[in-house]
Amino acid sequence: MTKPTEKEMFLALLDTLHLPRELVSHWEQYAPKKIDELTRVTRLLLSVEIPLPTLPDAMTHWKTRDWRGKQGGMPTPTQFGEFAAVWWREWHQTQETLNKGQRSPRWRGGFDS
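It should be emphasised that the depicted structure is a prediction, and the values quoted were computed from it without experimental measurement.

## Looking at the packing of aromatic side chains
If you walk through the whole model with that rule in mind, you get two aromatic pairs. Ring centres of Trp87 and Trp88 lie 6.2 Å apart, and the angle between their planes is 45°; this geometry places the pair in the tilted category. Given the relative accessible area of 7%, Trp87 is considered buried. Judged by its relative accessible area of 8%, Trp88 is buried. Centre to centre, the rings of Trp88 and Trp91 are 5.1 Å apart; their planes meet at 5°, and the pair counts as stacked. Remark: Trp91 and Trp88 occur in helix α6 (residues 77-100); sequence separation between them is three residues, near one turn of the helix. Among the aromatic residues, those joined into a cluster by ring pairs are Trp87, Trp88 and Trp91.

The following block contains the structure:
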């Protein structure tokens with residue numbers, strides 16, 4: 001799997017946060033600080049190497065774990081980015097823990113102890 005570009009991650013972040021492109025274009029002209037925030041979050045997500053297809057999963061987890069999400073609210077880009085980065089790290093730690101307990105099959109079909 002190839003690493004996404006900054007533009008690809010930025011667009012995936014917009015889709016995940018349900019931010020229309022027209023609104024973002026408006027922000028470019030009238031609210032550049034909001035674009036700066038989106039860019040910082042994009043770079044955070046790139047730095048933790050979260051795959052693009054998992055962003056919706058991170059949003060689902062945010063909606064079920066964060067009190068604002070439980071009330072139906074949407075996160076700010078920063079709230080989502082920070083949550084997604086931590087969630088992705090926890091997911092990796094869980095996978096490593098699960099993989100430690102697996103035994104490797106030997107060539108004759110038995111398991112190593």
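## A look at the nonpolar core
With 24 residues, the main nonpolar core has Leu38, Leu45, Ile50 and Phe80 as its most contacted residues. Of all the elements in the fold, those that place two or more residues in this core are α1 (6-16), α2 (21-30), α3 (32-47), α4 (55-65) and α6. Discounting residues that sit within four places of it in the chain, Ile50 has contacts with Met9, Leu45, Leu55, Ala84, Trp87 and Trp88.

## Notes on the packing of α2 against α3
It is at 6 Å that the axes of α2 and α3 come closest, and there the two elements cross at 120°. Listed contacts from α3 to Val24, Trp27, Glu28 and Tyr30 of α2 are Pro32, Lys34, Ile35 and Leu38. Of the residues in the contact of α2 with α3, the class split is six nonpolar, no polar and two charged.

## A closer look at the packing of α1 against α4
Helices that pack against each other are described as a pair by the angle of their axes relative to one another and the distance between those axes. Taken N-terminus to C-terminus, the directions of α1 and α4 make an angle of 35°; their axes are 10 Å apart at the nearest point. Considering only the axes of α1 and α4, their crossing is right-handed. For the pair α1 and α4, contact is made by Met9, Ala12, Leu13 and Thr16 and by Leu55, Pro56 and Met59, respectively. Its residues assigned to classes, the contact of α1 with α4 shows six nonpolar, one polar and no charged.

Conventions used here
Residues numbered from 1 in each chain as written. Predicted model: local features only at pLDDT ≥ 70, side-chain atom pairs only at ≥ 80, totals over all residues. Heavy atoms only, no water. Phe/Tyr/Trp six-rings, centres within 6.5 Å; stacked < 30°, edge-to-face > 60°. Buried < 20%, exposed > 50% of the residue type's maximum accessible area, 1.4 Å probe, protein only. Helix = DSSP H or I, 4+ residues; strand = E, 2+ residues; numbered from the N terminus. Core = buried A, V, L, I, M, F, W, Y, C linked by side-chain atoms within 4.5 Å. Contact = heavy atoms within 4.5 Å. Axes fitted to C-alpha atoms, helices over the stretch in contact; angles between N-to-C directions. Nonpolar A, V, L, I, M, F, W, Y, C, P; charged D, E, K, R; others polar. Left-handed = near helix turned anticlockwise from the far one by under 90°.

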